[in-house]
Amino acid sequence: MFDVVVIGAGPSGATAAEDLTRSGHSVAMLDRDGRIKPCGGAIPPRLINDFLIPDNQIVAKIKTARMISPTGRNVDIPIEDGFVGMVDREYFDEFLRKRAEIAGAKRYTGTYLRIDRDGDGTHVVYRDKTSGEERSLHTRLVIGADGARSGVAKAEVPGGEKIKYVIAYHEIIEAPTTSAAYNPIRCDVIYDGVISPDFYGWVFPHGKSVSVGMGTGIDGVDLKNATAELRARAGLTECLTLRREGAPIPLHPMDKWDNGHDVILAGDAAGVVAPSSGEGIYYAMVGGRVAATAASACLVTGHTRDLQLARKLFMREHKNVFKVLGAMQNAYYRSDERRERFVSLCHDVDVQKLTFEAYMNKRLVKARPMAHLRIGIKNLAHLTRMIPATRV
């Protein structure tokens, strides 16, 4: 019998497995082999520090973020005194899995089917990839880290079948040797309804490759055509396509992350992707860590109410950031006129500093009161159309 079976071994599941193993618990890690999630791959300095990510996993170091409006106006935001790291999920996820395995987690490859319970306890049933046979793992607790369309969440946690999401699609292409529109140390974020009517598109450098993609929650949008348009605008049409990937991204943290008995959710399965930015790697790894903390507490005390610690710990630190980002997305992503105003607002130096300080450190910044007041006034002026959308 294992203390914990972790279902899904992306950044969230692998982090949970490693933390639990290093805490002295017996852990099984079940994952489908070969799946690569579409992801821009940006990770902030806090993630690098908190989760001890070695420099050899950083495929690019970004020094500037370029915001591009529907009319093609560019706002470059410098990243002062630091950088945003870029990772390639094809290699980064496997690095995390191997690190958990080296720590002592037992790794199993197969497709999760269901959770059975009997007089002996809880059993995670899966289809083994090699043999094709049904097998089971006997465990005391389960962490469901199996993505936005989580089978664990749907079957085990109230509300798990109703989680809302957008669809993300990207293409990993070879980086160009020359391109006037592409900069290997700059991330481009494109706010344009032609690319995405309700989210955004991106061009993110990955060293020798580039992630070009977009996301949308609206049915009928042709993701591949939108990405082709992005590539054309960035002068990347002729670059060799290495792989194509698509997947759902959740829009809101679930109200409940456990079943009150033997299951906790983590990462995308719990809905922890930041609104507005769509950032998921950092929050997934934090979600894995708090799930491990809750599971460990439950195993030690025997109190199933300790499973609630995962959501409580996460929301205590990140609830306000998610609220602010959610309000910003609701205010500015609804039309191209609003997107134009959002990019215009990004010209403001106070906005730039507060935005990137919050991103880099993952907490709202208590800056000078007058800076917050100025930002609030300018934000209100844009939303009430007191100033033109194209005004700098």
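Structure: see above.
Just so it is clear, the structure is predicted and the values come from calculations on it, not from any experiment.

## Here we look at the overall build of the chain
In step 1: When helices and strands are tallied, the chain shows 10 helices and 16 strands.
In step 2: A globule of 392 residues ought to have a C-alpha radius of gyration of about 21 Å, and the chain, at 21 Å, matches this closely.
In step 3: Dimensions of the chain along its principal axes, counting C-alpha atoms only, are 70 × 50 × 40 Å.
In step 4: Among the 392 residues that make up the chain, the fraction classed as buried is 55%.

## Some thoughts on the pattern of salt bridges
In step 1: As enumerated under the stated definition, the model contains 35 salt bridges in all.
In step 2: The partner of Glu 171 in a salt bridge is Arg 231, and the shortest N-O contact between them spans 2.8 Å. Of this pair, Glu 171 sits in strand β11 (residues 165–174) while Arg 231 sits in helix α5 (residues 223–233), placing them 60 residues apart in sequence. In terms of burial, Glu 171 and Arg 231 fall into one category: buried.
In step 3: For Arg 244, the salt bridge goes to Glu 171, with nearest N and O atoms at 3.5 Å. Remark: Glu 171 occurs in strand β11 and Arg 244 occurs in strand β15 (residues 241–250); sequence separation between them is 73 residues.
In step 4: What emerges from the salt-bridge pattern is a single network uniting Asp 31, Glu 94, Arg 97, Lys 98, Glu 101 and Arg 107.

## Re the side chain of Arg 66
In step 1: Following the sequence through the fold, Arg 66 ends up in strand β5 (residues 64–68).
In step 2: Of the residues examined, Arg 66 reaches a relative accessible area of 18% and is grouped as buried.
In step 3: Apart from residues no more than four positions distant in its own chain, Arg 66 is found in contact with Asn 74, Val 75, Asp 76, Arg 186, Cys 187, Asp 188 and Val 189.

## Looking at the packing of helix α1 (residues 11–22) against helix α6 (residues 281–301)
In step 1: With their axes 7 Å apart at the nearest point, α1 and α6 run at an angle of 35° to one another. In terms of crossing hand, the pair formed by α1 and α6 is right-handed. Along its contact with α1, which presents Pro 11, Ser 12, Thr 15, Ala 16, Asp 19 and Leu 20, the element α6 presents Ile 281, Ala 284, Met 285, Gly 287, Gly 288, Arg 289, Ala 292, Ala 295 and Ser 296.
In step 2: Residue composition of the contact of α1 with α6, grouped by class: eight nonpolar, five polar and two charged.

## Describing α1
In step 1: For α1, spanning 12 residues, the distance from its first C-alpha to its last is 16 Å, which sits close to the expected 16 Å at 1.5 Å a residue.
In step 2: With 11 of 12 residues buried, α1 is to be regarded as a mostly interior element.
In step 3: Considered for burial, the residues of α1 that qualify are Pro 11, Ser 12, Gly 13, Ala 14, Thr 15, Ala 16, Ala 17, Glu 18, Asp 19, Leu 20 and Thr 21.
In step 4: Phi for Gly 24, located one or two positions after α1, is positive at around 100°.

## Describing the sheet that holds strand β3 (residues 42–43)
In step 1: Here we have three strands laid out as an open sheet, ordered β3-β7-β4, and antiparallel in their pairing. The open sheet terminates on both sides in strands that have one partner only, identified here as β3 and β4 (60–62).
In step 2: Where β3 and strand β7 (residues 84–86) come together, two bridges link them in antiparallel fashion. Bridging from a neighbouring strand, Ala 42 pairs with Met 86 of β7.

## Focus: the state of the cysteines
In step 1: Scanning the model with the defined rule gives zero disulfides in all.
In step 2: The structure places no disulfide on Cys 187, whose sulfur is separated from the nearest cysteine sulfur, that of Cys 39, by 11 Å.
In step 3: Judged by relative accessible area, Cys 187 falls into the buried class, the value being 7%.

## Considering the packing of aromatic side chains
In step 1: One pass over the structure, following the stated rule, counts 17 aromatic pairs.
In step 2: Ring centres of Trp 202 and Phe 204 lie 6.3 Å apart, and the angle between their planes is 40°; this geometry places the pair in the tilted category.
In step 3: Note on Tyr 283 and Phe 314: the rings are 6.1 Å apart at their centroids and 65° apart in plane angle, and the pair reads as edge-to-face. Separated by 31 residues along the polypeptide, Tyr 283 in helix α6 and Phe 314 in helix α7 (residues 309–332) bring together distant segments of the chain.
In step 4: Here Tyr 283 falls in the buried class, since its relative accessible area comes to 2%.
In step 5: For Phe 314, a relative accessible area of 0% translates into the label buried.
In step 6: What links up through ring pairs into an aromatic cluster is the set Tyr 191, Phe 199, Tyr 200, Trp 202, Phe 204, Tyr 332, Tyr 333 and Phe 342.
In step 7: Directly above the ring of Phe 83 sits Lys 61, whose terminal nitrogen or CZ lies 4.9 Å from the centroid.

About the cut-offs
- In every chain, residue numbers begin from 1 and rise along the written sequence.
- Given that the model is predicted, a residue must reach a pLDDT of at least 70 before its local features are reported, and side-chain atom pairs must reach 80 or more before they are shown or counted; all residues, however, enter totals for whole chains, interfaces and linings.
- Water and hydrogen atoms were dropped before computing side-chain values, which therefore reflect all heavy atoms in the structure.
- Counting from the N terminus, the helices are the DSSP runs of H or I reaching at least four residues and the strands are the DSSP runs of E reaching at least two.
- To get the radius of gyration, use the C-alpha atoms; to get the globule rule, take the number of residues to the power 0.38 and multiply by 2.2 Å.
- Note on exposure labels: buried denotes an accessible area under 20% of the residue type's maximum, exposed denotes more than 50%, and partly exposed covers the range between, all computed with a 1.4 Å probe on protein chains only.
- Each reported salt bridge corresponds to a side-chain nitrogen of Lys or Arg within 4 Å of a carboxyl oxygen of Asp or Glu.
- Between two residues, a contact is recorded if the distance between any of their heavy atoms is within 4.5 Å.
- Axis definition: a line fitted to C-alpha atoms, over the contacting stretch in the case of helices. Angles run 0 to 180 degrees between N-to-C directions.
- We call a crossing left-handed when the near helix sits turned anticlockwise from the far one by less than a right angle, and right-handed when that turn is clockwise.
- Here the term charged refers only to Asp, Glu, Lys and Arg, the term nonpolar to Ala, Val, Leu, Ile, Met, Phe, Trp, Tyr, Cys and Pro, and the term polar to all other amino acids, Gly among them.
- Working rule for helices: expected span equals 1.5 Å times residues minus one.
- Two strands pair if DSSP finds at least two bridges between them.
- Any cysteine sulfur atom paired with another within 2.5 Å is treated as part of a disulfide.
- Here a Phe, Tyr or Trp ring, Trp counted by its six-membered ring, pairs with any other such ring whose centre lies within 6.5 Å, and the pair is stacked when the planes are under 30 degrees apart, edge-to-face when over 60, and tilted otherwise.
- The criterion for a charge sitting over a ring is simple: Lys NZ or Arg CZ within 6 Å of the ring centre, and within 35 degrees of the ring normal.

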